[in-house]
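Spelled out from the first residue to the last, the chains are:
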Amino acid sequence: MTISTASVSASDCKLRLRVNEPGCRINPNIYGHFAEHLGRCVYEGIWVGEDSPIPNTRGIRKDVVGALKYLHIPVLRWPGGCFADEYHWKDGIGPREKRPTMINTHWGGVSENNHFGTHEFMDLCEQIGAAPYICGNVGSGTVQEMMQWVEYITSDAESPMTQLRRNNGRHEPWKLPYFGVGNESWGCGGNMRPEYYADNFRRYNTYVKNYSGNRVERFACGANGADFNWTESLMSQAASHMNGLSLHFYTLPTGNWSLKGSSTVFGEEEWHSTFVQTLRMDDLITRHAEIMDKYDPSKRVGLIVDEWGTWYDVEPGTNPGFLYQQNTLRDALVAAINLNIFNRHCDRVTMANIAQTVNVLQAMILTDKERIRLTPTYHVFEMYKVHQGATLIPVELECPEYRLGGASLPMLHASASRDAANRTHLSIANLDPNQAARVSLTPLFASLKGRLLTADDISAHNTFDAPSRVHPRQIDEFERDNNAAAVVIPSKSVLVLELE
Ligand code: AHR
């Protein structure tokens, strides 16, 4: 496809890649995901059971595995979320028909049959090629239970736990590189004060051990959005005990939890306010990182943004406890902006996990029984996977603002990196829904190609009948003169360029 810069009315912008000033390594785990026992994420979205007519491998749906594998998901967080602090792992092992049921009190009060447990989760991770990140139960679980879970998974020694694992069909231990010591302990995970949680973290964490050569990184529950006092307390009281501290921040178009806004029915005002909200992520990371710097100047402790993404009012007619929402072009831009932000903070942000993988919140995949479709957010993750493990290249941008009402936003939002094969990738989102940007790029690269994600409407989304309405297109012709190349970035779009 040729983008002609002559025919398009566009704002003039300049973008300079500071190729001689490479920054930090972009940890691939920034491109992580999160799957909770919530609504139709695990059950139906991932797990259909071995007897299902939906094609599956040991109960896990093949179509979903295929799509997730293609994303190169580096790490998957499970089993929650709020669910983690009421989950008792021993209920989810052994013959499935004998596993007890429980009530999923947070998410719709539905019965959970525990058919998807530790073995099934580890199998899923192996099938999609992701590292497991398990979140343990501090809120309603015991220290012994947490200790035994890690032993069950990772130890090779002779012990009742390892015998139990072998009896359940797994001889070799698994590797477990990441473990969360509780989730949202300031809320659904126990309503604790930071000082009390800091002590609990120190206590539980003591018993999360390294067995048989496995090295597990332990993450403490971190702040809710702008709760800087939480970060201050945790860092001052427990920094030396942790490998990571989490942060949760969701994007609500209205910023109001009782009326968040619809996922598909919105106008330009809500399009704009969604980006105002999502851009807060940058400031939050900067401010939490400043506190972390005080106690950990060498940046040993990672900031783990293990829940982020859009959160809208649920789709009309669906269970309010299932958090099912549509995913439009707006979500694609939210994903692009946040991934740019995480890339740019790669000196401190070492992992991020979008919520959630299938059928919940800002999902990659939506399913309806045997049918599956990929969301615009999926496509951004797929386009951006080129940044995984690459070295950050700082970007300088000069561009008009995108203004609406009294508020103004940067029209373009970008990040860049150079990979091991010396290719430079530049990802740019154009937030303006009405105006294209004509970007002159320096320095001049010999070859330029790219992929573009856009659509005719701000609320465009993929449906089972029109699954490719929002789908990336290849671009391989650009304008160039002696010193610079020019590229037109259409309004409301995400572009990823490869420069060599
Ligand atoms: O992702 C949905 C929920 O949001 C998680 O269970 C919880 O940790 C957060 O409040």
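Residues numbered from 1 in each chain as written. Predicted model: local features only at pLDDT ≥ 70, side-chain atom pairs only at ≥ 80, totals over all residues. Heavy atoms only, no water.

Caption draft 1: Structural detail: the overall build of the chain. Counting secondary structure elements, the chain contains ten helices and 27 strands. With the C-alpha coordinates of the chain rotated into their principal frame, the extents come out at 70 × 55 × 45 Å. Looking at the chain as a whole, 60% of its 500 residues qualify as buried. In the chain, 76% of the contacts between residues at least 6 apart in sequence involve partners at least 24 apart. Put simply, the chain shows about 18700 Å² of open surface, and 48% of that area lies on carbon and sulfur atoms. A distance of 4 Å separates the average location of the 47 positive side-chain charges in the chain from that of its 57 negative side-chain charges. (Helix = DSSP H or I, 4+ residues; strand = E, 2+ residues; numbered from the N terminus. Buried < 20%, exposed > 50% of the residue type's maximum accessible area, 1.4 Å probe, protein only. Contact = heavy atoms within 4.5 Å. Areas by Shrake-Rupley, 256 points an atom, 1.4 Å probe, with all protein chains shown as cover. Lys, Arg positive; Asp, Glu negative; His and termini not counted. Charge placed at Lys NZ, Arg CZ, Asp CG, Glu CD.)

Caption draft 2: Representation of the pattern of salt bridges. Summed over the entire model, instances satisfying the criterion amount to 30 salt bridges. Glu21 is paired through a salt bridge with Arg18; the nearest N and O atoms lie 3.1 Å apart. In this structure, a network of salt bridges that share partners links the residues Asp293, Asp296, Lys299, Asp347 and Arg348. (Salt bridge = Lys/Arg side-chain N within 4 Å of Asp/Glu carboxyl O.)

Caption draft 3: Summary view of the sheet that holds strand β20 (residues 412-418). Within the open sheet, the six strands sit side by side as β16-β20-β21-β27-β23-β24. Their pairing is antiparallel. The open sheet has two edge strands, β16 (391-393) and β24 (473-475), and neither has a second partner. Sheet twist, expressed as the mean angle between neighbouring strand axes with direction ignored, is 25 degrees. Bridge analysis of strand β23 (residues 448-453) against β24 gives three bridges, and the strand direction is antiparallel. Paired with Leu452 across the two strands is Arg473, which belongs to β24. Together, β16, β20, β21 (424-430), β23 and β27 (493-499) form the strand contacts of helix α9 (residues 329-344), whose direction differs from that of β20 by roughly 50 degrees. (Pairing = 2+ DSSP bridges. Axes fitted to C-alpha atoms, helices over the stretch in contact; angles between N-to-C directions.)

Caption draft 4: Structural view of the confidence of the model for the chain. Averaged over the chain, the pLDDT score is 96; the fraction of residues at 70 or greater is 98%. In this model residues 1-6 is a low-confidence stretch, pLDDT under 50, and it forms 16 contacts with partners more than four residues away in sequence or in other chains. (pLDDT = per-residue confidence, 0-100.)

Caption draft 5: Structural detail: the packing of α9 against helix α10 (residues 376-384). Two elements in contact, α9 and α10, have axes separated by 7 Å at closest approach and are oriented at 35 degrees. α10 is crossed by α9, and the crossing has right-handed handedness. Contact with α9, carried on its side by Leu329, Asp331, Ala332, Ala335, Ala336, Leu339 and Asn340, involves Pro376, Thr377, Val380, Phe381 and Tyr384 of α10 and no other residues of that element. Taken together, the residues of the contact of α9 with α10 break down into nine nonpolar, two polar and one charged. (Left-handed = near helix turned anticlockwise from the far one by under 90°. Nonpolar A, V, L, I, M, F, W, Y, C, P; charged D, E, K, R; others polar.)

Caption draft 6: How the structure looks around the nonpolar core. Of all hydrophobic cores here, the largest spans 147 residues; its most connected members are Phe179, Phe342 and Leu426. Here this core takes ten residues from α9, the largest share from any one element. Not counting chain neighbours up to four residues away, the residues in contact with Leu426 comprise Leu15, Leu17, Val395, Ala414, Ser415, Ala416, Leu441, Leu495, Val496, Leu497 and Leu499. (Core = buried A, V, L, I, M, F, W, Y, C linked by side-chain atoms within 4.5 Å.)

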